[in-house]
Structure formats: C-alpha cells, structure tokens
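# Geometric and topological summary
One letter stands for each residue in the lines below.
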Amino acid sequence: MKNMTLVNVAQACGGALHGLKDATGVGAEAVSVAIDSRRAEPGGIFIAVKGGKVDGHDFIPEVAARGALGVVCQHPPKGCPVPYILVEDSLKALREIGEYYRKQLNIKVVGITGSVGKTTTKEFIASVLSVKYKVLKTQGNFNNEIGLPLTVLSIREGHEIAVLEMGISNFGEMHRLSKIARPDICVMTNIGQSHLENLGCREGILKAKSEIFDFMDPEGYVFVNGDDRLLSGMKQKGNHRPVRFGLNPVNDIYAQGVAGKGLLGSQAVIHAGRYVFPVEIPLPGAHMVLNALAAAGVGMLLGLSPEDVRQGIASVEAVGGRSNVLSLPFGTLIDDCYNANPASMKAALDLLASASGRKVAVLGDMFELGENTGQMHGEIGAYAVAKGIDVLACTGRLSRNMYENARESMPGEKDGYLGKTQAYYFADRDEMLEGLPAILKKGDTVLVKASHGMAFEKVVAFLKDFS
C-alpha cells in the first residue's frame, strides 16, 4: 500500500507511535488494513475497535502473533510484540487513515448516493466500466463511515477506477464520506423518503446528500436523475453543469422504446448525444432502466463505446437482497429483503404485479420515516390492493397499518366477493414463518421486502428451504 508506513499512518491519524525499534520497520509499507481480526494479514495494520459485543483490543495478541506490521488502538496493549499507534478514537482514526490513503492514489473515483437504487446503480456502473478498466466496487453494505474507508483501503495498484456507494442517515455524514472518497464523478439516483426521521423532509435529504460535492474534484462531473423533481433543478457543481439522465427526452441521456419482459428484465433504446443504441437490461423492474442510463453516462464519459456500454449492461448481475429473482421448488422468489422505503416498496410491488402465477407480497416495517410513518405504511397496503396482488402477508408493529389499509381498500362483500387480495397480519416474524406454509401454493411468485432491521433474510432462508 503506497506510503502506508507506520510513521505516515500515525501522522495521518494524529496518533502516538510506540515500539518501533529499528530502521527496517520505519520504511515498511502495510500490505492491508483491517478492523476484523479474522481478516488481519501478516504485514498488515490492525485497527482495534470497541464494538457493542466485541472489543478488537482483545484480539491484538492474536494478530500480533500472526505477524502484523502494527496495530492502532485506544489504550496501550500489554506486552505487545509489534509497534502500536495510540489514538483517542479508533473509528475516527480509520476515517483519517482512509482519507490519507486516498490522497496517495492516482485513480478515478465514482461516488454514488441517493435514497433508492444506490447498490444496483453501483453494480450497473461497475459492470459497464469493467468492460474496459480494472474496477474496484463497494462490497455488501460497506457504504458508511466504517465500510467506506475500509473499501478505499482495499484499493490496490492494479485498480484503475473505484465505484463507491455512499450511504447516510444524518447531516454531516456525507461530508465526512466525501472527505475520504474525494470523488471525481458523483451520481445521485433520486431523493425519496429515506431517513426522514433525522433529515426532516425531502429537501433536507437533498441537502444532506449534496454534501457529496464538498470534496469532489472541481473538474469532475455530476450525473443526476433528471426525472426527479428536486434533482432536475440542480445547479452547476464545480466547473460543469449536471448531466441529467431519465426517461424524459429533455434529459441529456434518456431511454425510449422501453419494453418490460417481466422478471426477465427489459429492453430499451438509449439516446446519449449523437449515439443511439439498444440495450438488454437483465434485471427486472422499470427502475432498472434508470440505473442503466446512469451507467451509460458514466461509461461514455470515461471513454467507453456504445457497444462497450451495451455489453456491460447486459452482463450486470443481481445482488442478494435487492430484486434478486430466484427459481425455487415452490415457485419464484423475489429477494428484495435488504432494505425498504415507500418508493422502493412500490417499485417492488410493480415488479411483483408483472409476474406470472399468484402474486404474494411478504412485507415488513420500513424504518426512519418520521412522523407520517403510519400513513406511509398504510399507503403501501392500499397500493398492493390496487396493483392486484393476490396475497399480502405483513408483520411488524408499523406494518399493521399496511394490513388494515389493505382491508379497508378492498371492495365490500358483494355476491360472495370479498376482494382480490387476501390480507394476513402476523404479530412477529416467527409467527409469520409458522403461518406461511398454509398460505403459499405451488407456482406462486413471492416478494420478500422490509427494512434491514426486520432481518427478513431469515424469511428468504426459510423460503429457500420450503417446498
């Protein structure tokens, strides 16, 4: 890792370096940085972080015995055989070390934020850029003040572009992330209703996410969803006006001839300046067209041809927990369990409505929506009925509003007809798992979606074993 010596790292995080005994250690560069002792490598730096259940300081002897170059810690480790850097706050040190390392790198960084679709947009952009470049992308949920610096610290000499997802829940967080990532290109997918509890309103969300520009390269470019009411009016950032993408032809990059193929994805014709070319989008959902447009814009800015873009879009793969369609013994599962807000819930129900067979929505609470959370949950229940979903199964305190509003939205009993949607409410997830076998039928298409805190990956695991 370029210039990642213990002396430089100590200076970067304002720590006090102890135990460096000879000149050999002064010039040695770390091979990696980790906060998980299981990932600590010989020759690497281990940052000891005190968590809610586990204290990384307890594992310092173990990583030292495996040949760590040094450790970063908040209190002096007893009898430590390797050098250590003493800091007041290990997580703050992690951010500062990540920021220092980013400055050593000659690499293009694409930063992606927004309320919905960050991860799939990241996958589309990385897939397109990988046609021509060696790309590093954010893995899993490493998009916050812990995950982002760790992702930056995983960049190696062979990488040419880093595609970084940047997620926040409060003001100031994006400012700190931008200081670490220092993006050359910023992509904003949309401004929805996520984290309203902290950010107050959509305008607050835009303000918080716009902190991504605080440390952006002034010569860089910004791509925004021009179909989004708030983003469409964004003014110039740096030395260039925002590049807008969307379905509306007034955008700089837009799609026409969009044809859905249900769970198999869609096809469209992309218009990007003088280039017009067809694409096959393998992931299902109308919103995936927007992700493809963002990827086309970034790719062509960085020198890819329309054929490169077409190839990269066609090669994108779903990420577990995000509109991942699985064929299982009982039928079809749409695994979208990673997170949820009103916009993504409605998009997922749109996708489910396009499927064949009985359509079953297994839904849970959406968190951090603020004072109107009950109303927003109720709207999802009514939306499921309006979309013709056959079965709605809900659990969670907030999701009772979904259930009740779904029942209220159904036609009253007339000539023996009680309405198309069957609605069920379960007190908790375990009760839901007990009740689902009696509800599901062979050939069903089942959507599973809720906020991450509902742990609906356990519902997905249950359904994978169900037959």
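Residues numbered from 1 in each chain as written. Predicted model: local features only at pLDDT ≥ 70, side-chain atom pairs only at ≥ 80, totals over all residues. Heavy atoms only, no water.

## Some points on the sheet that holds strand 1 (residues 16-18)
Here is the rule we go by: Strands qualify as paired when DSSP identifies two bridges or more between them. For the purposes of this entry, the term helix denotes a DSSP run of H or I that reaches at least four residues, the term strand denotes a run of E that reaches at least two, and both are numbered from the N terminus. Contacts were defined at the residue level, with two residues in contact if any of their heavy atoms lie within 4.5 Å. Note on geometry: axes are C-alpha line fits, over the in-contact stretch for helices, and angles between N-to-C directions span 0 to 180 degrees.
Within the open sheet, the 5 strands sit side by side as 1-5-4-3-2. Their pairing is mixed. Looking at which strands have only one partner, the edges of the open sheet turn out to be strand 1 and strand 2 (33-34). As paired elements, strand 2 and strand 3 (residues 45-47) share 2 bridges and run parallel to each other. Bridging from a neighbouring strand, Ala34 pairs with Phe46 of strand 3. Across the sheet, helix 1 (residues 6-13) touches strand 1, strand 3, strand 4 (70-73) and strand 5 (84-86), and the angle it forms with strand 5 is around 15°. Together, strand 3 and strand 4 form the strand contacts of helix 4 (residues 90-104), whose direction differs from that of strand 4 by roughly 125°.

## Topic: the pattern of salt bridges
To be explicit about the condition: Salt bridges are counted wherever a side-chain nitrogen of Lys or Arg sits within 4 Å of a carboxyl oxygen of Asp or Glu.
Taken as a whole and assessed by the stated rule, the structure comprises 21 salt bridges. A salt bridge links Lys103 to Glu99; the nearest nitrogen and oxygen atoms lie 3.4 Å apart. Note that Lys103 and Glu99 are positioned in helix 4 at a spacing of 4 residues, about one turn of the helix. One salt bridge connects Arg310 with Glu307, and the closest N-O pair in it is separated by 2.5 Å. Of this pair, Arg310 and Glu307 both sit in helix 11 (residues 306-314), separated by 3 residues, roughly a single helical turn.

## Some words on the packing of helix 12 (residues 342-353) against helix 13 (residues 373-386)
Axes are the key here: two packed helices are described by the angle between their axes and the distance separating the axes. The test is simple: Throughout this description, any angle smaller than 35 degrees is read as roughly parallel, any larger than 145 degrees as roughly antiparallel, any in the 65 to 115 degree range as roughly perpendicular, and the remainder as oblique. Under the scheme applied here, ten amino acids are nonpolar (Ala, Val, Leu, Ile, Met, Phe, Trp, Tyr, Cys and Pro), four are charged (Asp, Glu, Lys and Arg), and all others, including Gly, are polar.
Packing of helix 12 against helix 13 brings their axes to within 10 Å, and their N-to-C directions diverge by 10°. Taken together, the axes of helix 12 and helix 13 are roughly parallel relative to one another. Packed against helix 12, whose contacting residues are Pro342, Met345, Lys346, Leu349 and Asp350, the element helix 13 presents Met376, Glu379, Ile380, Tyr383 and Ala384 at the interface. For the contact of helix 12 with helix 13, the residue count by class is 7 nonpolar, no polar and 3 charged.

## Focus on the packing of helix 4 against helix 7 (residues 173-181)
Orientation of helix 4 relative to helix 7, taken along the N-to-C sense of each, is 40°, at an axis distance of 7 Å. Looking at the two axes, helix 4 sits oblique to helix 7. Residues Arg95, Gly98, Glu99 and Arg102 of helix 4 pack against Arg176, Lys179, Ile180 and Ala181 of helix 7. Grouping the constituent residues of the contact of helix 4 with helix 7 by class yields 2 nonpolar, 1 polar and 5 charged.

## A word on the pairing of strand 8 (residues 161-165)
The following threshold applies: Under the scheme applied here, a residue whose accessible area is under 20% of the maximum for its type counts as buried, over 50% as exposed, and between as partly exposed, the area being computed with a 1.4 Å probe on protein chains only. By the criterion used throughout, a crossover qualifies as right-handed when its path from the first strand across the helix to the second strand runs clockwise, the strands pointing away from the viewer.
Within strand 8, 5 of the 5 residues are buried, which leaves the element mostly enclosed by the surrounding structure. Side chains Ile161, Val163 and Glu165 project from strand 8 onto one buried face, and the interleaved Ala162 and Leu164 project onto a second face that is buried too. Strand direction decides the pairing type here: strand 6 (residues 108-113) and strand 8, joined by 5 bridges, are parallel. Note that in strand 8 the partner of Lys108 across the bridge is Ile161. Two elements, strand 7 (residues 135-137) and strand 8, share 3 bridges in a ladder whose sense is parallel. By the bridge assignment for strand 8, Leu136 is matched with Ala162. Handedness of the strand 7-helix 6 (residues 147-152)-strand 8 crossover: right-handed.

All quantities given are derived from atomic positions and should not be read as evidence of function.
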